[in-house]
Amino acid sequence: MRTAIYPGSFDPFTNGHLDLVHRAAKLFDHVIVAVAKSEGKGPLFSLDERLALIRQSIQGEPNVTADAFDGLLVNYVDQQEGQAVIRGLRAVSDFEFEFQMALMNRKLNERVETIFMMPKDTYTFLSSRIVKEIARLGGDVSAFVPSHVGVALREKLGPIAPKSS
Ligand code: ADP
């Protein structure tokens, strides 16, 4: 049984995250989308809300589940008897931080491999932060997130602003 852990804040889950989940689900027997509590980051969505949005997004993926974790990622990977951590690389700007994290995680636990995956090119510009920013300004995010995430964003941040003529 090959298990991969896909960790992140997922505040909220986007089509870029979903693209990576689809790819990882083809390579591993089981993929766990692991939501970091990230209270320090002051998330827009609570942990339970983020988990519910992810669970709705992965309904069509029988070998993907969602879970919450706190503390060291490598300890969580061990606890789940996982072999790998999945991380997304969108642009060179992601590389520096991800490289440092991957090597640190290897120092902490030699057994855990980090696998970097690239999303479909149309999602390389997409981040949860940008999606929240657009939604906050009344922009339409329907191309960037699953439809129920778009609804949840509007409930939190208000309706789409009318187009000015
Ligand atoms: P963080 O771990 O910084 O809280 P996120 O929750 O935003 O990050 O994302 C979790 C993981 O998904 C990270 O590896 C990030 O690089 C990756 N990711 C985020 N958005 C995309 C995207 N549009 N395409 C591919 N990977 C992405």
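Residues numbered from 1 in each chain as written. Predicted model: local features only at pLDDT ≥ 70, side-chain atom pairs only at ≥ 80, totals over all residues. Heavy atoms only, no water.

Some points on the environment of T65
Inspection of the secondary structure puts T65 in strand β3 (residues 64-69). By relative accessible area, T65 is classed as partly exposed at 33%. For the pair T65 and V31, spaced 34 residues apart in sequence, the C-alpha to C-alpha distance is 6.4 Å. If near-sequence neighbours (up to four positions away) are discounted, T65 is found in contact with H30, V31, I32, V33 and I58. Of the polar contacts made by the side chain of T65, one reaches the side chain of H30; its length is 2.8 Å. (Helix = DSSP H or I, 4+ residues; strand = E, 2+ residues; numbered from the N terminus. Buried < 20%, exposed > 50% of the residue type's maximum accessible area, 1.4 Å probe, protein only. Contact = heavy atoms within 4.5 Å. Polar contact = N/O pair within 3.5 Å; in protein donor to acceptor, adjacent residues only side chain to side chain.)

A few points about the nonpolar core
Looking at soluble globular proteins, one finds that nonpolar side chains tend to be buried together. The biggest cluster of nonpolar side chains holds 22 residues, and the ones touching the most others in it are Y6, V33, I54 and I86. Of all elements in the fold, only β1 (3-8), α1 (15-27), β2 (30-36), α2 (47-57), β3 and β4 (84-88) reach the threshold of two or more residues within this core. If one sorts the elements of this core by residue count, α1 sits on top with five residues. Once residues within four sequence positions are removed from consideration, I54 is found in contact with F10, F13, V33, V35 and A66. The next biggest cluster of nonpolar side chains, apart from the first, holds twelve residues, and it includes F144, V145, A152 and L153. (Core = buried A, V, L, I, M, F, W, Y, C linked by side-chain atoms within 4.5 Å.)

Some details on the site of the ligand
Residues in close proximity to the ligand total 16 residues, the closest being Y6, S9, F10, G88 and Y123. Within the side chain of R87, a nitrogen or oxygen atom sits 3.1 Å from an oxygen atom of the ligand. Within the backbone of G88, a nitrogen or oxygen atom sits 2.8 Å from an oxygen atom of the ligand. Coverage of the ligand by the protein chains reaches 88% of its 550 Å² of free accessible surface. For the shell around the ligand, the secondary-structure elements that each account for two or more residues are β1, α1 and β4. (Near = heavy atom within 4 Å. Areas by Shrake-Rupley, 256 points an atom, 1.4 Å probe, with all protein chains shown as cover.)

A short note on the pattern of salt bridges
In total, this model carries eight salt bridges according to the counting rule given. As a salt-bridge pair, R111 and D78 come within 2.6 Å of each other at their nearest N and O atoms. Pair noted here: R111 is in the loop between α4 (92-108) and β5 (113-117) and D78 is in helix α3 (residues 73-79), with a separation of 33 residues, a long-range link. You can call D78 partly exposed: its relative accessible area is 35%. With a shortest N-O distance of 3.3 Å, R106 and E113 are connected by a salt bridge. The exposure class assigned to R106 is partly exposed, which follows from its relative accessible area of 36%. (Salt bridge = Lys/Arg side-chain N within 4 Å of Asp/Glu carboxyl O.)

Quick notes on the sheet that holds β3
Sheet architecture is open: five strands sit in the order β3-β2-β1-β4-β5, paired in parallel fashion. Every other strand in the sheet has two partners, leaving β3 and β5 as the edge strands with one partner each. Neighbouring strand axes in the sheet, compared pairwise and without regard to direction, differ in orientation by 30° on average. (Pairing = 2+ DSSP bridges. Axes fitted to C-alpha atoms, helices over the stretch in contact; angles between N-to-C directions.)

Focus on the side chain of D94
As for its position among the elements, D94 is in helix α4. We classify D94 as buried; its relative accessible area is 14%. Among all residues touching D94, those that are not within four sequence positions of it are G88 and L89.

Re the packing of aromatic side chains
In this description, an aromatic ring pair is defined by two values, namely the gap between the centres and the angle between the planes. Evaluated as defined, the whole model comprises five aromatic pairs. Ring plane angle 50° and centroid distance 5.8 Å describe the contact between F10 and F13, whose orientation is recorded as tilted. Both residues of the pair, F10 and F13, belong to the buried class. With a centroid separation of 5.9 Å and an interplanar angle of 85°, the aromatic rings of F125 and F144 are classed as edge-to-face. (Phe/Tyr/Trp six-rings, centres within 6.5 Å; stacked < 30°, edge-to-face > 60°.)

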